[in-house]
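# Structural overview
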Amino acid sequence: MSSEPGLTQTGDKPTLRSLAEATGFSVATISRALADDPRIAAKTRATIAQAAAEAGYVPDRAARRLRTGRTQVVTLLLNTEHEFLGFTHEFLSGMTDALRGTGYSVNVVPDNVGADRLEPVRNILRNQLADGVLFTRTEAFDPRVRMLLEADFPFVCHGRTEFTTPHPFVDFDNEAFARTAVERLVAKGRTRLAMVLPEDRFTFTQHLRYGFLSAVRAAGVNYEIIEGATLDSSSAEIARATRASRESETPPDGYVCVGEVTALITLSALTDSGGVLGRDADIFAKRASPIFDNIRPRIDSVYEDLRKTGHLMSEMLLRRMAGEPAAGLTHILSPEFEQVAHPETQG
């Protein structure tokens, strides 16, 4: 296509009109094909897409916004400090998979849980910077949810809230995770279990606490919610709190870890105190990467599919932006439990 007149030889920026002149299709057909309109034949869409790619055509978002009132942008408010290794990569991979071919691009805005979490939302609404918003680390009475509901602006959050107004969300069954983690540790003979929880304001904290406490009470074992750190504390703070717990007269012999980072810190604290995994204590962790496949001794774990989470949230946002009611746009992912033996400590 580089020899076609009106595309690259003129030195001008390729436009819908220059693409139409070069390919013989109408401007309307070019526009609809590049928007992946199913009413345009697949062969025609492929031909036009190839011509646009070879010409270096980039949609004029400002013109499209004036014409349609849409930005063709989805904003992700992303907490950059997370309990999972590779959270951003997995989550964004799922998002981009779902948005591929829709014409939407993703704008990532950092979300600091210790800052004013409403300011990025205000900025999006005030300046019309996106057509929809995705965000994580949802609070029980999340002010972002309240603001977006009042503005009737499309969004999907990772995690539930306590609001009675229906809104789209994708969540993980953290209560089931905590309950089963306790049951697995008790089955190994562990009698004093410990856990580092997130801050109280987050909804999943309630689910984790309820699952953990109901299971330890049902099993009749001792427990400890480790003090001095939360899941959102720095790694150094979590390490200090975990080491302090291990230095007590009755250190835990079983740990429920809400993420890979906490599990690795706990393993280090156990080893530094002279303990051996599988002999002096066991760890049951939630993971989102294959990191534990390469750690010895092995750590029992449950898998949270963050790529699927990002994909589902993006799909729901597309449906919400298309006008689908919020009430039906909810999904709770069930844990995928795994369990490994510790052959190096058996026999």
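This write-up is about the structure you can find in this document. (Residues numbered from 1 in each chain as written. Predicted model: local features only at pLDDT ≥ 70, side-chain atom pairs only at ≥ 80, totals over all residues. Heavy atoms only, no water.)

### Structural notes on the overall build of the chain
Inclusion rule: Helix numbering and strand numbering both begin at the N terminus, where a helix is a DSSP run of H or I of at least 4 residues and a strand a DSSP run of E of at least 2. Relative accessibility decides the category of a residue: with a 1.4 Å probe and only protein chains considered, values under 20% of the type maximum give buried, values over 50% give exposed, and everything between is partly exposed.
Secondary structure assignment for the chain yields twelve helices and twelve strands. Expressed as lengths along the three principal axes of its C-alpha atoms, the size of the chain is roughly 80 × 45 × 30 Å. Across the 347 residues that make up the chain, the buried fraction comes to 48%.

### With respect to helix α12 (residues 306-321)
What counts is decided by this rule: To estimate the expected span of a helix, count its residues, drop one, and scale the result by 1.5 Å. In protein, a polar contact means a hydrogen-donor-capable atom and an acceptor-capable atom, both N or O and within 3.5 Å, with residues adjacent in sequence counting only if both atoms are side-chain atoms; elsewhere, any N or O pair within 3.5 Å suffices.
The end-to-end C-alpha distance of α12, which contains 16 residues, comes to 22 Å, matching closely the 22 Å that a straight helix rising 1.5 Å per residue would cover. Inspection of α12 places Leu306, Thr309, Gly310, Leu312, Met313, Ser314, Met316, Leu317 and Met321 among the buried residues, and these make up the whole buried set. Its side-chain oxygen 3.2 Å from the backbone nitrogen of Arg307, Asp305 forms the N-cap of α12.

### Overview of the sheet that holds strand β6 (residues 192-195)
What links the strands of a sheet is backbone hydrogen bonding, and the strands pair in either a parallel or an antiparallel sense. Note the threshold: A pair of strands is treated as paired once DSSP finds two or more bridges between them.
Here six strands make up an open sheet; going across it, the order is β7-β6-β8-β9-β10-β12 and the pairing mixed. Both outer strands of the open sheet, β7 (222-225) and β12 (336-337), are each paired with one neighbouring strand and no more. Pairing geometry for β6 and β7, over four bridges, is parallel. Within β7, the position partnered with Arg192 by the bridge is Asn222.

### Quick notes on the sheet that holds strand β1 (residues 73-78)
Short version of the rule: Lines fitted to C-alpha atoms define the axes here, with helix axes fitted over just the stretch in contact, and angles between the N-to-C directions of these axes take values from 0 to 180 degrees. Contacts are assigned to residue pairs with any non-hydrogen atoms lying within 4.5 Å of each other.
Pairing in this open sheet of six strands is parallel, and the strands run β2-β1-β3-β4-β5-β11 from one edge to the other. Edge positions in the open sheet fall to β2 (105-110) and β11 (330-333), since each of these has one partner strand only. In this sheet, neighbouring strand axes are inclined to one another by 15 degrees on average, regardless of whether the strands run parallel or antiparallel. In the sheet, strand β5 (residues 169-172) pairs with β11 via four bridges, with the strands oriented parallel. Along β11, the bridge assignment pairs Phe172 with Leu333. Relative to β1, helix α5 (residues 87-99) is tilted by about 160 degrees, and along the sheet it contacts β1, β2 and β3 (132-135). The sheet contacts of helix α7 (residues 143-150) involve β1, β3 and β4 (155-158), and relative to β4 the element is tilted by about 165 degrees.

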